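# Notes for the structure review
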Amino acid sequence: MSEAAQTLDGWYCLHDFRTVDWALWKTLSSEERQTAINEFLGLVEKWNTVQLEKNGSHALYSIVGQKADFMMMLLRPTLEELNEIENEFNKTTLAQYTVPVHSYVSIVELSNYLPEGEDPYQNPQILARLYPELPKAKHVCFYPMDKRRNGEDNWYMLPMEDRRRMMRSHGMIGRQYAGKVKQVITGSVGFDDYEWGVTLFADEALQFKKLVYEMRFDEVSARFGEFGAFYVGNLLKEDRVYSFLHV
Ligand code: 76R
(Lines give C-alpha, C1' and ligand atoms only; values in the text may rest on other atoms or scores of the structure.)
Protein backbone atom coordinates (compact mmCIF):
# COMPACT_ATOMS: atom_id res chain seq x y z
CA MET A 1 0.00 0.00 0.00
CA SER A 2 1.40 3.36 -0.91
CA GLU A 3 1.28 6.03 1.73
CA ALA A 4 1.11 9.58 0.44
CA ALA A 5 2.80 12.22 2.53
CA GLN A 6 0.25 14.54 4.07
CA THR A 7 0.94 18.19 3.45
CA LEU A 8 0.14 21.33 5.36
CA ASP A 9 -0.65 24.08 2.93
CA GLY A 10 -0.44 27.81 3.49
CA TRP A 11 -0.59 30.80 1.19
CA TYR A 12 -0.65 30.51 -2.59
CA CYS A 13 2.48 31.76 -4.25
CA LEU A 14 3.35 33.38 -7.56
CA HIS A 15 6.90 33.99 -8.70
CA ASP A 16 6.69 36.46 -11.58
CA PHE A 17 9.87 37.14 -13.57
CA ARG A 18 10.25 40.07 -15.95
CA THR A 19 12.87 41.60 -18.13
CA VAL A 20 12.83 45.32 -18.80
CA ASP A 21 12.70 46.46 -22.42
CA TRP A 22 15.31 49.13 -21.83
CA ALA A 23 15.29 50.43 -25.38
CA LEU A 24 11.55 51.06 -25.23
CA TRP A 25 11.75 52.41 -21.66
CA LYS A 26 14.31 54.97 -22.87
CA THR A 27 11.85 56.34 -25.42
CA LEU A 28 9.77 57.77 -22.55
CA SER A 29 10.51 61.22 -21.19
CA SER A 30 11.96 61.30 -17.70
CA GLU A 31 8.60 62.65 -16.42
CA GLU A 32 6.76 59.74 -17.99
CA ARG A 33 9.22 57.30 -16.47
CA GLN A 34 8.85 58.97 -13.10
CA THR A 35 5.07 58.67 -13.31
CA ALA A 36 5.35 54.99 -14.24
CA ILE A 37 7.71 54.33 -11.32
CA ASN A 38 5.38 56.15 -8.92
CA GLU A 39 2.44 54.12 -10.16
CA PHE A 40 4.40 50.91 -9.57
CA LEU A 41 5.50 52.04 -6.10
CA GLY A 42 1.85 52.79 -5.35
CA LEU A 43 1.07 49.18 -6.13
CA VAL A 44 3.89 48.04 -3.85
CA GLU A 45 2.46 50.30 -1.14
CA LYS A 46 -0.84 48.42 -1.43
CA TRP A 47 1.05 45.14 -1.05
CA ASN A 48 2.80 46.58 2.03
CA THR A 49 -0.59 47.28 3.61
CA VAL A 50 -1.77 43.71 2.89
CA GLN A 51 1.45 42.44 4.43
CA LEU A 52 1.01 44.59 7.54
CA GLU A 53 -2.49 43.18 7.93
CA LYS A 54 -0.96 39.71 7.61
CA ASN A 55 -3.11 38.83 4.61
CA GLY A 56 -0.15 38.05 2.39
CA SER A 57 3.45 38.92 1.73
CA HIS A 58 5.73 39.86 -1.15
CA ALA A 59 9.36 40.19 -2.10
CA LEU A 60 11.03 42.18 -4.87
CA TYR A 61 14.45 41.18 -6.17
CA SER A 62 16.53 42.18 -9.15
CA ILE A 63 17.85 39.11 -10.94
CA VAL A 64 21.47 38.63 -11.98
CA GLY A 65 22.06 37.15 -15.43
CA GLN A 66 19.98 37.11 -18.58
CA LYS A 67 17.06 34.97 -17.41
CA ALA A 68 15.24 38.00 -15.99
CA ASP A 69 15.78 41.54 -14.72
CA PHE A 70 13.53 41.37 -11.69
CA MET A 71 11.22 39.05 -9.80
CA MET A 72 8.08 39.69 -7.82
CA MET A 73 7.30 36.92 -5.33
CA LEU A 74 3.75 37.18 -4.07
CA LEU A 75 1.91 35.25 -1.37
CA ARG A 76 -1.87 35.44 -0.95
CA PRO A 77 -4.64 33.32 0.60
CA THR A 78 -6.25 32.52 -2.76
CA LEU A 79 -5.34 31.98 -6.40
CA GLU A 80 -7.90 34.63 -7.31
CA GLU A 81 -5.94 37.26 -5.40
CA LEU A 82 -2.69 36.25 -7.11
CA ASN A 83 -4.44 36.52 -10.45
CA GLU A 84 -5.77 39.97 -9.56
CA ILE A 85 -2.32 41.22 -8.59
CA GLU A 86 -0.84 39.83 -11.77
CA ASN A 87 -3.49 41.56 -13.86
CA GLU A 88 -3.20 44.79 -11.90
CA PHE A 89 0.53 44.83 -12.53
CA ASN A 90 0.03 43.99 -16.20
CA LYS A 91 -2.19 47.04 -16.57
CA THR A 92 0.42 49.46 -15.20
CA THR A 93 2.55 51.61 -17.47
CA LEU A 94 5.72 49.98 -16.21
CA ALA A 95 4.44 46.55 -17.28
CA GLN A 96 4.18 47.80 -20.89
CA TYR A 97 7.95 48.18 -20.77
CA THR A 98 8.60 44.74 -19.35
CA VAL A 99 8.50 41.30 -20.93
CA PRO A 100 7.19 38.39 -18.86
CA VAL A 101 9.90 35.76 -19.07
CA HIS A 102 8.95 33.20 -16.47
CA SER A 103 6.39 32.48 -13.79
CA TYR A 104 5.83 29.81 -11.19
CA VAL A 105 2.60 28.96 -9.35
CA SER A 106 2.69 27.01 -6.10
CA ILE A 107 1.52 26.98 -2.48
CA VAL A 108 3.55 27.18 0.72
CA GLU A 109 3.95 23.59 1.87
CA LEU A 110 5.16 21.71 4.90
CA SER A 111 5.15 17.93 4.72
CA ASN A 112 4.59 15.52 7.53
CA TYR A 113 7.80 13.54 7.49
CA LEU A 114 8.26 14.67 11.06
CA PRO A 115 6.73 12.98 14.13
CA GLU A 116 3.03 13.56 14.50
CA GLY A 117 1.68 15.51 17.40
CA GLU A 118 -0.96 18.08 18.17
CA ASP A 119 -3.07 19.84 15.54
CA PRO A 120 -0.41 21.59 13.46
CA TYR A 121 -2.78 24.40 12.48
CA GLN A 122 -2.87 25.42 16.16
CA ASN A 123 0.91 25.60 16.45
CA PRO A 124 2.12 29.22 16.15
CA GLN A 125 5.53 28.17 14.78
CA ILE A 126 3.90 26.16 12.02
CA LEU A 127 1.44 28.94 11.23
CA ALA A 128 4.35 31.37 10.93
CA ARG A 129 5.88 29.09 8.32
CA LEU A 130 2.67 28.49 6.36
CA TYR A 131 1.84 32.21 6.29
CA PRO A 132 5.30 33.74 6.37
CA GLU A 133 6.33 37.34 6.07
CA LEU A 134 9.03 37.03 3.44
CA PRO A 135 12.40 38.19 4.79
CA LYS A 136 14.17 41.27 3.49
CA ALA A 137 17.38 39.31 3.01
CA LYS A 138 19.95 40.78 0.67
CA HIS A 139 19.76 37.84 -1.75
CA VAL A 140 17.28 35.35 -3.12
CA CYS A 141 17.71 32.04 -4.92
CA PHE A 142 14.78 30.33 -6.62
CA TYR A 143 14.58 27.03 -8.46
CA PRO A 144 11.96 24.38 -9.08
CA MET A 145 12.57 20.69 -8.43
CA ASP A 146 11.14 17.21 -8.72
CA LYS A 147 11.73 13.96 -6.88
CA ARG A 148 12.80 11.34 -9.42
CA ARG A 149 10.41 8.64 -10.66
CA ASN A 150 12.76 6.46 -12.62
CA GLY A 151 13.19 2.68 -12.39
CA GLU A 152 14.74 1.77 -9.04
CA ASP A 153 14.93 5.41 -8.09
CA ASN A 154 11.28 6.16 -7.69
CA TRP A 155 10.67 8.35 -4.65
CA TYR A 156 6.93 7.79 -4.84
CA MET A 157 7.26 3.99 -4.61
CA LEU A 158 9.37 4.08 -1.45
CA PRO A 159 7.86 3.08 1.88
CA MET A 160 7.02 6.00 4.15
CA GLU A 161 9.71 4.92 6.63
CA ASP A 162 12.49 5.23 4.03
CA ARG A 163 11.27 8.62 2.88
CA ARG A 164 11.02 9.79 6.47
CA ARG A 165 14.58 8.63 7.21
CA MET A 166 15.96 10.49 4.21
CA MET A 167 13.97 13.62 4.95
CA ARG A 168 15.33 13.57 8.49
CA SER A 169 18.86 13.60 7.12
CA HIS A 170 17.86 16.39 4.72
CA GLY A 171 16.48 18.44 7.61
CA MET A 172 19.66 17.91 9.66
CA ILE A 173 21.77 19.44 6.90
CA GLY A 174 19.33 22.28 6.48
CA ARG A 175 19.39 23.03 10.17
CA GLN A 176 23.13 23.73 10.05
CA TYR A 177 22.27 26.75 7.93
CA ALA A 178 19.86 28.16 10.50
CA GLY A 179 20.38 31.90 10.71
CA LYS A 180 22.22 31.93 7.38
CA VAL A 181 19.63 30.70 4.91
CA LYS A 182 15.87 30.81 5.21
CA GLN A 183 13.95 28.46 2.93
CA VAL A 184 10.37 28.62 1.76
CA ILE A 185 9.25 25.36 0.18
CA THR A 186 6.19 25.67 -2.03
CA GLY A 187 4.37 22.68 -3.50
CA SER A 188 3.38 22.85 -7.15
CA VAL A 189 2.05 19.38 -8.03
CA GLY A 190 -0.99 20.12 -10.18
CA PHE A 191 -0.07 23.82 -10.42
CA ASP A 192 3.13 24.08 -12.39
CA ASP A 193 5.75 22.09 -14.29
CA TYR A 194 7.78 20.83 -11.35
CA GLU A 195 6.72 19.40 -8.01
CA TRP A 196 8.17 22.08 -5.73
CA GLY A 197 9.55 25.57 -5.80
CA VAL A 198 12.52 26.22 -3.54
CA THR A 199 13.03 29.85 -2.53
CA LEU A 200 16.06 30.60 -0.40
CA PHE A 201 16.87 33.92 1.28
CA ALA A 202 20.31 34.87 2.63
CA ASP A 203 22.38 37.94 3.42
CA GLU A 204 25.45 36.19 2.07
CA ALA A 205 24.85 34.79 -1.43
CA LEU A 206 27.67 32.26 -1.10
CA GLN A 207 25.60 30.38 1.48
CA PHE A 208 23.21 29.33 -1.32
CA LYS A 209 26.03 27.54 -3.08
CA LYS A 210 27.29 25.94 0.10
CA LEU A 211 23.85 24.70 1.15
CA VAL A 212 22.73 23.44 -2.26
CA TYR A 213 26.11 21.76 -2.80
CA GLU A 214 26.09 20.06 0.58
CA MET A 215 22.59 18.77 -0.09
CA ARG A 216 23.70 17.28 -3.41
CA PHE A 217 25.70 14.74 -1.39
CA ASP A 218 22.73 13.84 0.77
CA GLU A 219 20.77 10.81 -0.42
CA VAL A 220 17.45 12.49 -1.03
CA SER A 221 18.98 15.13 -3.34
CA ALA A 222 21.76 12.90 -4.72
CA ARG A 223 19.44 10.07 -5.78
CA PHE A 224 16.09 11.73 -6.16
CA GLY A 225 16.54 15.44 -6.80
CA GLU A 226 15.93 16.79 -10.30
CA PHE A 227 16.30 20.51 -10.72
CA GLY A 228 15.03 23.21 -13.04
CA ALA A 229 16.57 26.58 -13.78
CA PHE A 230 18.16 28.59 -10.97
CA TYR A 231 17.51 32.31 -10.50
CA VAL A 232 19.62 34.38 -8.14
CA GLY A 233 19.22 38.02 -7.25
CA ASN A 234 19.55 41.03 -5.00
CA LEU A 235 17.00 42.72 -2.79
CA LEU A 236 15.17 45.47 -4.64
CA LYS A 237 14.16 47.75 -1.78
CA GLU A 238 11.64 50.39 -2.70
CA ASP A 239 14.28 53.11 -2.46
CA ARG A 240 16.40 51.19 -4.99
CA VAL A 241 13.58 50.96 -7.54
CA TYR A 242 14.40 54.47 -8.81
CA SER A 243 18.06 53.77 -9.39
CA PHE A 244 17.28 50.34 -10.82
CA LEU A 245 14.96 51.89 -13.41
CA HIS A 246 17.02 55.02 -13.98
CA VAL A 247 18.29 55.40 -17.54
O1 76R B 1 10.33 21.73 7.63
C2 76R B 1 11.30 21.41 8.35
O3 76R B 1 12.13 22.20 8.85
C4 76R B 1 11.45 19.98 8.61
C5 76R B 1 12.50 19.39 7.80
C6 76R B 1 12.35 19.68 6.33
C7 76R B 1 11.40 19.19 5.42
C8 76R B 1 10.20 18.28 5.68
C9 76R B 1 13.25 20.52 5.59
C10 76R B 1 14.29 21.25 6.14
N11 76R B 1 12.90 20.48 4.26
C12 76R B 1 11.77 19.70 4.12
C13 76R B 1 11.09 19.42 2.94
MN14 76R B 1 13.99 21.27 2.71
N15 76R B 1 15.01 22.08 1.20
C16 76R B 1 14.91 21.71 -0.12
C17 76R B 1 15.99 22.30 -0.84
O18 76R B 1 18.78 21.77 -3.50
C19 76R B 1 18.35 20.71 -2.97
O20 76R B 1 19.06 19.67 -2.92
C21 76R B 1 16.99 20.68 -2.38
C22 76R B 1 16.30 22.05 -2.29
C23 76R B 1 16.72 23.06 0.06
C24 76R B 1 17.96 23.88 -0.24
C25 76R B 1 16.09 22.90 1.35
C26 76R B 1 16.53 23.52 2.51
N27 76R B 1 12.72 20.38 1.39
C28 76R B 1 11.55 19.73 1.69
C29 76R B 1 10.90 19.35 0.45
C30 76R B 1 9.58 18.61 0.32
C31 76R B 1 9.94 17.16 0.20
C32 76R B 1 8.78 16.20 0.21
O33 76R B 1 7.72 16.51 0.74
O34 76R B 1 8.99 15.09 -0.35
C35 76R B 1 11.72 19.78 -0.58
C36 76R B 1 11.49 19.63 -2.07
C37 76R B 1 12.85 20.40 0.02
C38 76R B 1 13.93 20.92 -0.69
N39 76R B 1 15.20 22.17 4.10
C40 76R B 1 15.11 22.11 5.47
C41 76R B 1 16.12 23.16 3.78
C42 76R B 1 16.62 23.75 5.01
C43 76R B 1 17.62 24.90 5.07
C44 76R B 1 15.99 23.08 6.05
C45 76R B 1 16.19 23.31 7.54
C46 76R B 1 15.11 24.22 8.01
C47 76R B 1 15.20 24.53 9.46
O48 76R B 1 15.42 23.62 10.26
O49 76R B 1 15.03 25.73 9.77
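Remember, it's a predicted structure, so these values are computed and weren't measured experimentally. (Residues numbered from 1 in each chain as written. Predicted model: local features only at pLDDT ≥ 70, side-chain atom pairs only at ≥ 80, totals over all residues. Heavy atoms only, no water.)

## Let's talk about the UniProt feature "binding site: Fe-coproporphyrin III" (unreviewed entry) in the chain
The UniProt record annotates "binding site: Fe-coproporphyrin III" (unreviewed entry) at Arg129, Tyr143, Pro144, Met145, Asp146, Lys147, His170, Gln183 and Ser221. In this fold, Asp146 is placed in strand 5 (residues 139–147). Note on Asp146: relative accessible area 16%, which makes it buried. At a separation of 2.8 Å, a polar atom in the side chain of Asp146 contacts the main-chain amide nitrogen of Glu195. Relative to the elements of secondary structure, Gln183 occurs in strand 8 (residues 181–187). When residues no more than four places from it in sequence are discounted, the contact partners of Gln183 are Arg129, Thr199 and Leu200. (UniProt positions renumbered as here; feature names shortened; annotations may be inferred. Helix = DSSP H or I, 4+ residues; strand = E, 2+ residues; numbered from the N terminus. Buried < 20%, exposed > 50% of the residue type's maximum accessible area, 1.4 Å probe, protein only. Polar contact = N/O pair within 3.5 Å; in protein donor to acceptor, adjacent residues only side chain to side chain. Contact = heavy atoms within 4.5 Å.)

## As for the coordination of the manganese atom of the ligand
Protein coordination of the manganese atom of the ligand is limited to a single donor, His170 (NE2), positioned at 2.2 Å. Structurally, His170 is set in helix 6 (residues 160–175). (Donors = N, O, S within 2.8 Å, 3.2 Å for Na, K, Ca; no water.)

## Focus: the site of the ligand
The local shell around the ligand holds 23 residues, among which Arg129, Tyr143, Lys147, His170 and Ser221 are the closest. Between the ligand and Tyr143 there is a distance of 2.6 Å, counted from an oxygen atom to a side-chain nitrogen or oxygen. Between the ligand and His170 there is a distance of 2.9 Å, counted from a nitrogen atom to a side-chain nitrogen or oxygen. Only strand 5, helix 6, strand 8, strand 9 (196–202) and helix 7 (206–216) provide two or more residues apiece to the shell around the ligand. At five residues, the largest contribution of residues to the shell around the ligand is made by helix 6. (Near = heavy atom within 4 Å.)

## Side note on the pattern of salt bridges
Applying the stated criterion to the full structure yields eight salt bridges. Of the charged contacts in the structure, one is a salt bridge between Arg164 and Glu161, with a shortest N-O distance of 3.9 Å. Here Arg164 and its partner Glu161 are both found in helix 6, three residues apart, which amounts to about one turn of the helix. Accessibility expressed as a relative area gives 46% for Glu161, which makes it partly exposed. The partner of Glu219 in a salt bridge is Arg165, and the shortest N-O contact between them spans 3.5 Å. (Salt bridge = Lys/Arg side-chain N within 4 Å of Asp/Glu carboxyl O.)

## A look at helix 2 (residues 30–52)
Given a rise of 1.5 Å per residue, 23 residues ought to cover 33 Å, and the 32 Å separating the end C-alpha atoms of helix 2 matches this to within 8%. Buried within helix 2 we find Arg33, Ala36, Ile37, Phe40, Leu41, Leu43, Val44, Trp47, Asn48 and Gln51. Next to the buried residues of helix 2 lie helix 1 (22–25), strand 2 (57–63), strand 3 (70–76), helix 3 (79–90), helix 4 (93–96) and helix 9 (238–245). Taken from the residues just after helix 2, Lys54 is the one with a positive phi, measuring 60°. (Expected span 1.5 Å × (residues − 1).)

## Thoughts on the UniProt feature "active site" (unreviewed entry) in the chain
In the UniProt entry, the feature "active site" (unreviewed entry) is given for Tyr143. As for its position among the elements, Tyr143 is in strand 5. Setting aside anything within four residues of it in sequence, one finds Tyr143 in contact with Trp196, Gly197, Val198, Leu200, Val212, Phe227, Ala229 and Phe230.

## Considerations on the pairing of strand 2
For strand 2, a buried count of seven out of seven residues is recorded, marking the element as mostly surrounded by other parts of the structure. Burial of the side chains of strand 2 extends over both faces: Ser57, Ala59, Tyr61 and Ile63 are buried on one face and His58, Leu60 and Ser62 on the other. As defined by bridge partners, strand 2 adjoins strand 3 across six bridges and the pair is classed as antiparallel. Considered in strand 3, the bridge of His58 is made with Leu74. The turn linking strand 2 back onto strand 3 is made up of six residues, and Gly65 within it adopts a positive phi angle of 100°. With three bridges joining them, strand 2 and strand 11 (residues 231–235) adopt antiparallel strand pairing. Within strand 11, the position partnered with Ser62 by the bridge is Asn234. (Pairing = 2+ DSSP bridges.)

## Some points on the packing of helix 2 against helix 3
In the contact formed by helix 2 and helix 3, the axes pass within 11 Å of each other and the chain directions differ by 165°. Considering their axes alone, helix 2 and helix 3 lie roughly antiparallel with respect to each other. Between helix 2 and helix 3 lies a crossing of right-handed hand. Here Phe40, Leu43, Lys46 and Trp47 of helix 2 come into contact with helix 3, specifically with Ile85, Glu88 and Phe89. Of the residues in the contact of helix 2 with helix 3, the class split is five nonpolar, no polar and two charged. (Axes fitted to C-alpha atoms, helices over the stretch in contact; angles between N-to-C directions. Parallel < 35°, antiparallel > 145°, perpendicular 65-115°, else oblique. Left-handed = near helix turned anticlockwise from the far one by under 90°. Nonpolar A, V, L, I, M, F, W, Y, C, P; charged D, E, K, R; others polar.)

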